[in-house]
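# Fold and contact review
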Amino acid sequence: MNLRCHLIDALPQPGGQCSEIYPKKPIYDIPGLPEVLAGDLVTNLLEQIKPFQPGYTLGERAETIEKLEDGSFIVTTNLGTKHHALVVAIAGGLGSFEPRKPPIASIGAYENGKGVYYFIKNPEDFNGKKVVISGGGDSALDWSIYLAEVAEEVYLIHRRNEFRGALDSVEKVRALAGEGKVKLITEAEVVDLNGDENLSSVVIQFKDKTKEEVRADAFIPLFGLAPKLGPIADWGLEIEKNAIKVNNALDYQTNIPGVFAIGDVNTYPGKLKLILCGFHEAAIMIQYAYAIINPDKKFNMKYTTVNGVQGFDGTKKEAKKAEVVSL
Ligand SMILES: Cc1cc2nc3c(=O)[nH]c(=O)nc-3n(C[C@H](O)[C@H](O)[C@H](O)COP(=O)(O)OP(=O)(O)OC[C@H]3O[C@@H](n4cnc5c(N)ncnc54)[C@H](O)[C@@H]3O)c2cc1C
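Bear in mind the structure is a predicted one, so any value in this text is a computation, not a measurement.

## Overview of the overall build of the protein chain
Tallying secondary structure elements over the protein chain gives 6 helices and 22 strands in all. Each principal axis of the C-alpha distribution contributes one length, and for the protein chain these read about 70 × 45 × 40 Å. For the protein chain, long-range pairs separated by at least 24 residues make up 60% of all intrachain contacts whose partners lie at least 6 apart in sequence.

## Quick notes on the environment of E111
Assignment of secondary structure puts E111 in the loop between β9 (96-99) and β10 (130-134). When the C-alpha positions of E111 and L199 are compared, they lie 9.4 Å apart, and in sequence the two are 88 residues distant.

## Some details on the site of the ligand
In the vicinity of the ligand there are 33 residues, among which G16, G92, G93, S96 and G263 approach most closely. Taken together, the elements giving at least two residues each to the shell around the ligand come down to β1 (5-9), α1 (16-20), β9 and α5 (275-293). When its residues are assigned to classes, the shell around the ligand shows 18 nonpolar, 9 polar and 6 charged.

## Observations regarding the packing of helix α3 (residues 138-150) against helix α4 (residues 167-178)
In the contact formed by α3 and α4, the axes pass within 9 Å of each other and the chain directions differ by 40°. Of the possible angle classes, the one that applies to α3 and α4 is oblique. In this structure, α3 crosses over α4, and the sense of that crossing is left-handed. Taking contact as the criterion, the partners of D138, L141, D142, S144, I145 and A148 in α3 are, on α4, S169, V170, K172, V173 and L176. Classifying every residue of the contact of α3 with α4 by side-chain character gives 6 nonpolar, 2 polar and 3 charged.

## With respect to α3
Across its 13 residues, α3 extends 19 Å between first and last C-alpha, which sits within 8% of the 18 Å expected from 1.5 Å per residue. Against the buried residues of α3 lie β10, β11 (153-158), α4 and β16 (218-221).

## Some thoughts on the domain arrangement of the protein chain
Structurally, the protein chain comprises domain 1 (5-97 + 226-326) and domain 2 (101-223). Each of domain 1 and domain 2 was reduced to a C-alpha centroid, and the two centroids are 35 Å apart.

## Points about α4
Because an α-helix completes one turn every 3.6 residues, residues spaced three or four positions apart along the sequence face the same direction. For α4, spanning 12 residues, the distance from its first C-alpha to its last is 17 Å, which sits close to the expected 16 Å at 1.5 Å a residue. A positive phi of about 80° marks G180, the residue just after α4.

## Comments concerning the sheet that holds strand β15 (residues 211-215)
With antiparallel pairing, the 3 strands of this open sheet are ordered in space as β13-β14-β15. The open sheet terminates on both sides in strands that have one partner only, identified here as β13 (188-195) and β15. Recorded for the sheet is a direction-independent mean angle of 25° between the axes of neighbouring strands.

## Some remarks on unusual backbone geometry
Phi at K241 takes a positive value of approximately 50°, unusual for a residue other than glycine. Tracing the backbone shows K241 in the loop between β18 (239-240) and β19 (243-245). You can call K241 exposed: it has 7 C-beta atoms within 10 Å. Unusually for a residue other than glycine, Y252 sits at a positive phi of about 65°. Position of Y252 relative to the elements: it lies in the loop between β19 and β20 (259-261).

## Examining the environment of E20
Residue position: E20 is located in helix α1. For E20 and G224, which are 204 residues apart along the polypeptide, the C-alpha to C-alpha distance reads 9.8 Å. Discounting residues that sit within four places of it in the chain, E20 has contacts with L11, F97 and L225.

## What to know about the nonpolar core
Across soluble globular proteins, nonpolar side chains show a tendency to be buried alongside one another. Within the largest apolar cluster, 33 residues are counted, with the highest numbers of intra-cluster contacts made by V131, V132, I133, V154, F219 and I220. Elements represented by at least two residues in this core include exactly β10, α3, β11, β13, β14 (199-206) and β16. Sorting elements by how many residues they give to this core places α3 first, with 5 residues. When residues no more than four places from it in sequence are discounted, the contact partners of V131 are F126, L147, A151, E153, V154, A216, D217, A218 and I220. A85, V88, I262 and V265 belong to the second largest nonpolar core, which has 30 residues in total.

## Considering the pairing of β11
Judged by how many residues are buried, β11 sits mostly within the fold: 5 of 6 residues are covered. Pairing of β10 with β11, which is carried by 5 bridges, proceeds in the parallel orientation. Note on β11: the bridge partner recorded for K130 is E153. Taken together, β10, α3 and β11 constitute a β-α-β crossover, and its handedness is right-handed. As paired elements, β11 and strand β12 (residues 183-186) share 4 bridges and run parallel to each other. Across the sheet, I157 pairs through a bridge with I185, a residue of β12.

Reading the values: the criteria
- Within each chain, residues carry numbers counting from 1 in the order of the written sequence.
- pLDDT decides what is reported in this predicted model: residues at 70 or higher carry local features, side-chain atom pairs at 80 or more are listed and counted, and totals for whole chains, interfaces and linings draw on all residues regardless.
- Going along the chain from the N terminus, every DSSP run of H or I of four or more residues is numbered as a helix, and every run of E of two or more is numbered as a strand.
- The contact criterion used here is simple: two residues whose C-beta atoms, placed from the backbone, lie within 7 Å are in contact.
- Nearness rests on one distance test: the residue's C-beta atom, set from the backbone, must lie within 6 Å of the molecule or strand.
- Residue polarity is assigned by list, with Asp, Glu, Lys and Arg as charged and Ala, Val, Leu, Ile, Met, Phe, Trp, Tyr, Cys and Pro as nonpolar; anything else, Gly included, falls into the polar class.
- Only the stretch in contact is used when a helix axis is fitted, and all axes are lines through C-alpha atoms; the angle between N-to-C directions ranges over 0 to 180 degrees.
- Each angle gets one of four labels, with under 35 degrees taken as roughly parallel, over 145 as roughly antiparallel, 65 to 115 as roughly perpendicular, and the rest as oblique.
- Crossing chirality is assigned from the near helix's rotation relative to the far helix, an anticlockwise turn below a right angle marking it left-handed and a clockwise turn marking it right-handed.
- Here the expected span of a helix is defined as 1.5 Å times the quantity of residues minus one.
- The split of the chain into domains comes from an automatic or database domain assignment.
- Two strands qualify as a pair provided DSSP detects at least 2 bridges between them.
- As a rule, residues whose C-beta atom has 12 or fewer other C-beta atoms within 10 Å are exposed, those with 20 or more are buried, and those in between are partly exposed; C-beta atoms are placed from the backbone.
- Here, a nonpolar core denotes buried Ala, Val, Leu, Ile, Met, Phe, Trp, Tyr and Cys residues that are linked to one another through C-beta atoms within 7 Å.
- Crossover handedness is defined by viewing with both strands directed away from the observer: a clockwise path from the first strand over the helix to the second marks the crossover as right-handed.

See below:
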């Protein structure tokens, strides 16, 4: 088809729920794969789409959509990145995963690069820094272990004595604490943040309500992610039960021509929220997307066994920008 697709995801990696919620869980209902770990399925899918050279904007949430006079769209992210495309395919699943924030009144003042981080996009940003991590799950443990090697100082603060993460990681963190590489403080929580423009210290409150202020360049609260339909809910789409209504009799298009919705985010009579169904909907949807993008061309479907895998031909003149933006 030689269509170019660009993926926007609010998470720092592609793969949606499979990567974020259950990468180590085996899946048993993907055709042709009797058993596959969700994370491995995503790895294989990324390998399979490589020849088509998709673009990626990760760690940014699609915030607004604007329809231009020529029928194309501009999708803008929360960081202001703009994508121009002829077709938009919303594959937003349960919505964008928003970080669960601790109830600290001043937290907003240090977001957006001023010291509070809910995701770690570039671990090297913390080299030589004083870092305070908060949380008791795998992310908090894994990042404490990783950053113990590169940061100047790592605190791990957790409300309880017990951790929810993998036993092996818990043991590693406790061993690092024994070596003084991680300052492990349990039955305590971060209750306040201080600084001028940027964060300079956090206040830790212990079980007995006493407090201690420690210097910090970064505070990383890792309390998990909560899915929310988020900004897509304001795009003028027809929504039913927190999902986008689509025309499943034809093309999975929404009430806005040129905007499709596939996967868990859509709804129609008989909808099943399964990975297999998302694949099927994408295959149908893209035929109609092709017709919008190439109104003068007839598309003849061919099996890959006949055609082979024809990767994206980036040398073609018309292939310069993304034609389909997907999120
Ligand atoms: C524990 C668990 C086990 C499961 N087991 C199975 C199974 O065995 N078999 C099966 O078929 N299914 C299973 N599922 C369901 C399956 O994971 C979903 O059907 C599938 O992930 C849906 O894929 P999707 O791409 O539609 O959405 P998602 O995987 O939810 O991905 C949506 C992506 O869109 C992003 N996004 C949303 N809004 C925005 C925005 N505004 N800007 C940028 N990005 C945005 C999100 O960050 C997310 O990464 C399971 C689900 C769970 C939770």
